[in-house]
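What follows is each chain in one-letter form.
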Amino acid sequence: MQQTLNPWVTRPTADEPAEETRAAAVPPAAVISTPLRGMVEPDAADRLASRSMAGAARLWVVGTHGGAGESRIADLIDSARSTDHCWPVLPSGGSPQVLLVCRADMRGLTTARNALTQWASGAAPQVDLLGLAVLADAPGKTPKALRDFTALVGGGAPRFWSLPWVDAWRHTDTTAMPAVREYQRFITDVAALATATKY
């Protein structure tokens, strides 16, 4: 798993923090961290709907398509809830923290690109978008074309995480954290982000 920032933006270099301190560090956002003026919104058919959410959550997990893995990811993160593929709207009018989730296949990445375009254009409700998590859609190595498209789509998010296939999820109905280093790092990153910002 790697967390990747926007590849088209030049940033100053910094020394990598020591491993023991890195777990507590909040991953930096890319330059694209808020909607952009002049960005063209996607067609209505390509947008995620909005839904008023009852109750509270530290983080709202939004799958960009059916089978994205939003419920699975929400189960792994403390105080997170899935939204059933909709942007959350809070009755209080606040800006909910959101994590987008998709599968690493062409359909999943295309819907994630549309959701990020919707957000960047300002056509989505006001949310604090933490980033995009891309879950592998099959075991084994991802084809290069999909890896390249993943990097391109992920570049439109404030942060993105590319997560590997978890074979245990295919055979068992469990909400336990997988013993996979990339997921443990991802959960640590997201927990640090959710703690560092208001909800």
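Residues numbered from 1 in each chain as written. Predicted model: local features only at pLDDT ≥ 70, side-chain atom pairs only at ≥ 80, totals over all residues. Heavy atoms only, no water.

## What about the nonpolar core?
So, point 1. Counting 27 residues, the largest nonpolar core has Trp87, Val98, Leu100 and Leu132 as its most contacted members.
So, point 2. For this core, the elements supplying multiple residues, two or more each, are strand 3 (59-63), strand 6 (97-103), helix 3 (106-121), strand 7 (128-135) and helix 4 (144-154).
So, point 3. The element that contributes the greatest number of residues to this core is helix 3, accounting for six residues.
So, point 4. Once residues within four sequence positions are removed from consideration, leucine 132 is found in contact with Leu99, Leu100, Val101, Cys102, Ala112, Leu116, Val153, Gly154, Ala157, Arg159, Phe160 and Trp161.
So, point 5. One finds Leu59, Leu76, Ile77 and Trp169 within the second-largest nonpolar core, a separate group that totals 23 residues. (Core = buried A, V, L, I, M, F, W, Y, C linked by side-chain atoms within 4.5 Å. Buried < 20%, exposed > 50% of the residue type's maximum accessible area, 1.4 Å probe, protein only. Helix = DSSP H or I, 4+ residues; strand = E, 2+ residues; numbered from the N terminus. Contact = heavy atoms within 4.5 Å.)

## Description of the pairing of strand 8 (residues 160-163)
So, point 1. Across four bridges, strand 7 lies against strand 8 in parallel orientation. Across the sheet, the residue bridging to leucine 132 is phenylalanine 160, located in strand 8. (Pairing = 2+ DSSP bridges.)

## Quick notes on the side chain of threonine 111
So, point 1. The residue threonine 111 is located in helix 3 in this model.
So, point 2. Among the polar contacts made by the side chain of threonine 111, one reaches the side chain of threonine 64 at a distance of 2.9 Å.
So, point 3. A polar atom in the side chain of threonine 111 sits 2.8 Å from the backbone oxygen of glycine 108.
So, point 4. Those residues in contact with threonine 111 that lie beyond four places of it in its chain are Thr64 and His65. (Polar contact = N/O pair within 3.5 Å; in protein donor to acceptor, adjacent residues only side chain to side chain.)

## What to know about the packing of aromatic side chains
So, point 1. In this structure the tally under the stated criterion is one aromatic pair.
So, point 2. Each ring, one from tryptophan 161 and one from phenylalanine 186, has its centre 5.4 Å from the other, and the planes form 70°; the classification is edge-to-face. You can see tryptophan 161 sitting in strand 8 and its partner phenylalanine 186 sitting in helix 6 (residues 181-196), a full 25 residues away along the chain.
So, point 3. By relative accessible area, which is 0% here, tryptophan 161 ends up buried.
So, point 4. Given a relative accessible area of 0%, phenylalanine 186 falls into the buried group. (Phe/Tyr/Trp six-rings, centres within 6.5 Å; stacked < 30°, edge-to-face > 60°.)

## Side note on the pattern of salt bridges
So, point 1. Within the structure shown, the criterion is met by five salt bridges.
So, point 2. With a shortest N-O distance of 2.5 Å, arginine 47 and glutamate 41 are connected by a salt bridge.
So, point 3. Judged by relative accessible area, glutamate 41 falls into the partly exposed class, the value being 38%.
So, point 4. For aspartate 84, the salt bridge is made with arginine 51, and the minimal N-O distance between the two is 3.7 Å. Of this pair, aspartate 84 sits in the loop between strand 4 (80-82) and strand 5 (86-89) while arginine 51 sits in strand 2 (residues 49-52), placing them 33 residues apart in sequence.
So, point 5. Judged by its relative accessible area of 35%, arginine 51 falls in the partly exposed class. (Salt bridge = Lys/Arg side-chain N within 4 Å of Asp/Glu carboxyl O.)

## Focus: the environment of leucine 163
So, point 1. If you trace the backbone, leucine 163 turns up in strand 8.
So, point 2. Given the relative accessible area of 3%, leucine 163 is considered buried.
So, point 3. When the C-alpha atoms of leucine 163 and alanine 104 are compared, they prove to be 9.0 Å apart, with 59 residues separating the residues in sequence.

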